[in-house]
2 protein chains.
Amino acid sequence: MAHGSGSGVSLADVAKLAGVSAQTVSRVANCSDAVRPETRKRVLAAMGELGYRPSFAARSLRAGCYQSVGLAMSGDIASTGRRLQLEGVAAAAAQRGYAMTLIQLADDEATLGEASSRMSGLPVDGQILYLGSSTDDFATFEPPSMLPTVIISTRHHPRCATVSNDQTGCSVSIVDYFIKKGHREIRFVGGRRDSYSNISRQKGWEQALRTRGLRVVEPMHGDWTADSGYELGMRLVQDRECTAVYASNDAIAVGVIYALRDAGLRVPEDVSVIGADDSLVGVIPHLDLTSYRFNDEQVGSIAFDLATNPPEGKEPPHILVPGMIVERKTVAQAPQR
Amino acid sequence: MAHGSGSGVSLADVAKLAGVSAQTVSRVANCSDAVRPETRKRVLAAMGELGYRPSFAARSLRAGCYQSVGLAMSGDIASTGRRLQLEGVAAAAAQRGYAMTLIQLADDEATLGEASSRMSGLPVDGQILYLGSSTDDFATFEPPSMLPTVIISTRHHPRCATVSNDQTGCSVSIVDYFIKKGHREIRFVGGRRDSYSNISRQKGWEQALRTRGLRVVEPMHGDWTADSGYELGMRLVQDRECTAVYASNDAIAVGVIYALRDAGLRVPEDVSVIGADDSLVGVIPHLDLTSYRFNDEQVGSIAFDLATNPPEGKEPPHILVPGMIVERKTVAQAPQR
DNA sequence: CTGAGGAATGTTAACGTAAACATTCCTCAG
DNA sequence: CTGAGGAATGTTTACGTTAACATTCCTCAG
């Protein structure tokens, strides 16, 4: 017995059992009020007996849409940030009565073109593409004409709507926050050099420092782990003028803090440290790391809206969603010199 | 212009433009080789021009199945473990050419019945229900007759296949691992008392100790955070006989370790500590926490297989997937007394 | 030159649903 | 008693696809 489409039981089957027409069954299934209570009862009984399940295929064929949005992700769904945006899309979809179709692309096939072509055969009214910002075909990708397409990316695309966390804005906020606290020597400790989010964060930091007329010291780079942060932190100890450190993620921030403390410096009294992503809550005792929390939920929700209600205008929108600094205990006023 | 189903452009439209029959276009779309190269080219050109996208609805209506599996999750998709199992399902689906339809249930509607009924109108050949193990209707839930159903849960269900991580097995492995290292006073530090996974882990620990004839000391409970682990760790210091601690998750383990060290005890020389979930890799400097890693990928993959290829037998399978201890540096031989 | 045989293409029908329209049946005003 | 009007239900049709069968056209052996 083939499972699938409508469970093999159709309106007609139910109709026959209940002694009514298929249309009447359809009316019952769709809660129309133009059915006598007695008839309705008989139909519902027949439905139950046969295990009727409406056929999504037939319904959407008739309706011409699916009430479903597609999300294509590459590699790791689970990594920080990505998963929250997935959740944002899912939440927005749920709220608006949409389903979500998720496809995962292996890293070696993670191009926008491939994702879009796989998606085009699926039951979706719009698609959200969430691959790394560094896919080969980002610039050349042409979205399918009849399928509203949104790319989650910090980069701007000429033909597609794009949304993402405002990585640059994150850096600017952090720099300004440090400045407000009286800091002037603000260092950046990076993650992997080739990572797009690291590049954006670093660029934003540099830009903000220059605009504010502060000194830019060439940053060091680690591999996103706390251990690499520790090493970099130990090197940072030499830098006697530095009073503020902006780490490209929280693990690095933790590494830096441990290193500074091991070197006899106090955090935040001597050096203030801030992380990014706000991913380490509740995980380390007595560490109240000040961090920057992105609004992943909103990114997902906006992506959903753009995919299901594409704006009319010529120019595709490029939306950057700001987050906020979560103040805890690793940033203080700059020490007096 | 309505988007959706087949982009509004049908085989017939393409056929007219290319001057062939719809069937020929269908053959081209399905890569049948019974088409003259020249014809194929003409058809492909027409497809491109019109932006043809095959209609999922029509195809599955005809085929009688969707090549898609449904996954229902409650509340937080992102939390440790859950997200990895999501990824496991997604990976298995991708590998076998299936799509995945994800629906998210708000916490106040997270029952198996609700999930299943929502799913029944979606394009899925099978469904995987992944709510908390504590849903109200777990025992009474009746799966729909024509939709293969799998529940991800440590509990056994009389009518549905179930899969999950082997929480009890985790505890047994950990106890035996400690015993192998010469420990005999093995404590359990729990997370939230009412959490199902905490209950299972504690039960497994207790059972293992009893079976091996070791002393069971009533465990303490925190709230899963490192800070709560720290507090409990400080209380644990009084327990002079304890040489081994099994923490119900990694954050608690970290808290315990910090507390023990602050109290002057060495880890692992004086007291060994093990966590569970292996969720804190690379996040704390110089902490090489021994932990138990579950095989979430495999849980997801098995769930997928059961949902798409339901076994014939009468008794629904109940599968517990073992994980493994990841040996690092927080467990050592028991100290000599 | 004939026609058998195969390659390429066309035609028909069915999948399950729901809108639009058609029919039946009942009630009640005149 | 008649029939207008409305409620309940039935019938037809189209959505886009593809399996199954039908047709056309070409090639080449005899």
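Quantities reported herein were computed from a predicted structural model and do not represent experimental measurements.

What counts, and at which threshold
- Each residue is numbered by its place in its chain's sequence as written, counting from 1.
- Each chain gets a letter, beginning with A, and each ligand a number, beginning with 1, in the order they are written.
- Only residues with pLDDT of 70 or above have their local features reported here, since the model is predicted, and side-chain atom pairs are shown and tallied only from 80 upward, although totals for entire chains, interfaces and linings are computed over all residues.
- To obtain the side-chain values, all non-hydrogen atoms of the structure were used and water was disregarded.
- Throughout this document, a residue counts as near a molecule or strand when at least one of its heavy atoms sits within 4 Å of that molecule or strand.
- Residues adjacent in sequence count toward polar contacts only when both atoms are side-chain atoms; beyond that, a polar contact is any pair of N or O atoms within 3.5 Å, and within protein one must be able to donate a hydrogen and the other to accept it.
- Secondary structure follows DSSP: runs of H or I at least 4 residues long count as helices, runs of E at least 2 residues long count as strands, and numbering of each begins at the N terminus.
- Residues were grouped as follows: Ala, Val, Leu, Ile, Met, Phe, Trp, Tyr, Cys and Pro as nonpolar; Asp, Glu, Lys and Arg as charged; and all remaining residues, including Gly, as polar.
- Whether a residue is buried, partly exposed or exposed follows from its accessible area with a 1.4 Å probe, protein chains only, as a fraction of its type maximum: under 20%, in between, or over 50%, in that order.
- Contact between two residues is taken to exist if any of their heavy atoms lie within 4.5 Å; hydrogens are not considered.
- What makes a salt bridge here is a side-chain nitrogen of Lys or Arg within 4 Å of a carboxyl oxygen of Asp or Glu, nothing more.
- Only the stretch in contact is used when a helix axis is fitted, and all axes are lines through C-alpha atoms; the angle between N-to-C directions ranges over 0 to 180 degrees.
- Convention used here: angles under 35 degrees read as roughly parallel, angles over 145 as roughly antiparallel, angles from 65 to 115 as roughly perpendicular, and any remaining angle as oblique.
- When two components associate, each loses some accessible surface as probed by a 1.4 Å sphere; the sum of these losses over both components is called the buried area.
- Geometry of aromatic contacts follows a simple scheme: Phe, Tyr and Trp rings, the Trp one being its six-membered ring, pair when their centres are within 6.5 Å, and the pair is stacked under 30 degrees between planes, edge-to-face over 60, tilted otherwise.
- A pair of strands is labelled paired if DSSP reports no fewer than 2 bridges between them.
- The directions considered for the arc are those from the helix axis to the C-beta atoms.
- Buried Ala, Val, Leu, Ile, Met, Phe, Trp, Tyr and Cys residues that are joined via side-chain atoms within 4.5 Å together make up what is termed a nonpolar core.
- Expected helix span is computed as 1.5 Å times (number of residues minus one).
- Least-squares superposition of the copies uses the C-alpha atoms of those residues scoring a pLDDT of at least 70 in each of them.

This part covers the protein's contact with DNA strand C. Around DNA strand C, a shell composed of 22 residues is seen, among which L11, Y52 and R62 of chain A together with S21 and T39 of chain B lie nearest. By atom count, sugar and phosphate contribute 56% of the portion of DNA strand C lying within 4 Å of the protein. Separating a phosphate oxygen of DNA strand C from a backbone N or O atom of S21 of chain B is a distance of 2.7 Å. T24 of chain B is positioned such that a nitrogen or oxygen atom in its side chain is 2.7 Å from a phosphate oxygen of DNA strand C. Mapped by element, the contributors of at least two residues to the surface near DNA strand C are α2 (22-29) and α4 (56-63) of chain A together with α2 (22-29) and α4 (56-63) of chain B. Here the residues of the surface near DNA strand C sort into eight nonpolar, nine polar and five charged.

Okay, the protein's contact with DNA strand D next. Taken together, 22 residues lie around DNA strand D, and S21 and T39 of chain A together with L11, Y52 and R62 of chain B are the ones closest in. When atoms of DNA strand D within 4 Å of the protein are sorted by moiety, sugar and phosphate together comprise 52%. For DNA strand D, a phosphate oxygen lies 2.4 Å from a polar atom in the backbone of L11 of chain B. With respect to DNA strand D, the backbone of S55 of chain B contributes an N or O atom lying 3.2 Å from a phosphate oxygen.

Residues and elements named next belong to chain B. Relative to the helices and strands, T135 resides in the loop between β3 (126-130) and β4 (149-152). A relative accessible area of 9% places T135 in the buried class. Residues in contact with T135, not counting those within four places in the same chain, are A110, T111 and L112.

Below, the discussion takes up the pattern of salt bridges. On inspection of all chains with the given rule, the structure shows 32 salt bridges over all chains. Here E142 of chain A makes a salt bridge to R159 of chain A, at a shortest N to O gap of 2.5 Å. Placement of the pair is E142 of chain A in the loop between β3 (126-130) and β4 (149-152) and R159 of chain A in the loop between β4 and β5 (161-165), with a sequence separation of 17 residues. The partner of R118 of chain B in a salt bridge is E109 of chain B, and the shortest N-O contact between them spans 3.2 Å. With a relative accessible area of 30%, R118 of chain B lands in the partly exposed category. One network of salt bridges, in which partners are shared, links E185, R187, R215, D239 and E241 of chain A.

Below, the discussion takes up the packing of helix α1 (residues 11-18) of chain B against α2 of chain B. Residues and elements named next belong to chain B. At a closest axis distance of 8 Å, the pairing of α1 and α2 adopts a crossing angle of 105°. Comparing their axes, α2 and α1 come out roughly perpendicular. Contacts between α1 and α2 involve L11, A12, V14 and A15 from the former and A22, V25 and S26 from the latter. Taken together, the residues of the contact of α1 with α2 break down into six nonpolar, one polar and no charged.

Turning to the interface of chain A and chain B, a few remarks are in order. Counting residues at the interface gives 62 residues for chain A, matched by 62 residues for chain B. In total, chain A and chain B occlude about 5,000 Å² of area from one another, counting both sides; carbon and sulfur atoms represent 64% of this. The interface formed by chain A and chain B includes zero salt bridges. Counting the contacts that link chain A with chain B gives 15 residue pairs in polar contact (both at pLDDT 80 or more). For the side of chain A that touches chain B, the secondary structure elements donating two or more residues are α4, α5 (82-95), β2 (99-105), α9 (226-236) and α10 (250-262) of chain A. Looking at the side of chain A that touches chain B, the element that brings in the most residues is α5 of chain A, giving seven residues.

On inspection of all chains with the given rule, the structure shows 12 aromatic pairs over all chains. Taking the centre distance of 5.2 Å and the plane angle of 90° together, the rings of Y98 of chain B and F304 of chain B count as edge-to-face. In this pair, Y98 of chain B sits in the loop between α5 (82-95) and β2 (99-105) while F304 of chain B sits in helix α11 (residues 296-308), placing the two residues 206 residues apart along the sequence. There is no split in this pair, since Y98 of chain B and F304 of chain B are both buried. Joined through ring pairs, the aromatic side chains of F56 and Y66 of chain A together with F56 and Y66 of chain B make up one cluster.

Let's shift gears to the sheet that holds strand β7 (residues 220-221) of chain B. Residue and element names in this part refer to chain B. On the basis of which strands lie adjacent, the open sheet formed by four strands has the order β7-β6-β8-β9 and parallel pairing. Strands with a single pairing partner mark the edges of an open sheet, and in this sheet they are β7 and β9 (272-274). As defined by bridge partners, strand β6 (residues 186-190) adjoins β7 across two bridges and the pair is classed as parallel. Paired with V189 across the bridge in β7 is M220. Contacting β6, β8 (244-247) and β9, helix α7 (residues 167-180) crosses the sheet at an angle of about 165° to β8. Running over the sheet, helix α10 (residues 250-262) touches β6, β8 and β9 and is turned about 160° from β9.

Of all the positions in α4 of chain B, only F56, A57 and S60 of chain B are classed as buried. Down the axis of α4 of chain B, the buried side of the element spans an arc of 95°, and every buried residue falls inside it. Structurally, α4 of chain B contributes buried residues whose contacts are with α4 of chain A. Remark: G64 of chain B follows α4 of chain B within two positions and exhibits a positive phi of approximately 85°.

We now examine the nonpolar core. Ranked by internal contacts, the top residues of the largest apolar core, which has 54 residues, are V273 and I284 of chain A together with V273 and I284 of chain B. The set of elements that each furnish at least two residues to this core consists of α9, β8 (244-247) and α10 of chain A together with α9 (226-236), β8 and α10 of chain B. For I284 of chain A, the contacting residues outside a window of four places in its chain are V254 and Y258 of chain A together with A226, D227, Y258, V283 and I284 of chain B. Listed in part, the 50 residues of the second largest apolar core include V89 of chain A together with V69, A92 and F304 of chain B.

The first and last C-alpha atoms of α11 of chain B sit 18 Å apart over 13 residues, in line with the 18 Å expected at 1.5 Å per residue. In the core, the buried residues of α11 of chain B are packed alongside β1 (68-74), α5, β3, β4, β5 (161-165) and β11 (318-321) of chain B.

The next point concerns the environment of S68 of chain A. Residues and elements named next belong to chain A. The topology assignment puts S68 in strand β1 (residues 68-74). Classification of S68 as buried rests on a relative accessible area of 3%. For the pair S68 and S200, spaced 132 residues apart in sequence, the C-alpha to C-alpha distance is 32 Å. With residues up to four places along the chain from it excluded, the contact list for S68 reads Y98, A99, M100, T101, P123, V124, D125 and G126. One polar contact links the side chain of S68 to the main-chain carbonyl oxygen of P123, over a distance of 3.3 Å.

The two copies are related by a screw motion: chain A maps onto chain B through a turn of 180° and a shift of 0.0 Å along the axis, at an RMSD of 0.1 Å. Both copies are brought into coincidence by an operation consistent with a two-fold rotation axis. Interface overlap between copies is the fraction of interface residues in one copy that are interface residues in the other; for chain A against chain B it reaches 98%, indicating a shared surface.

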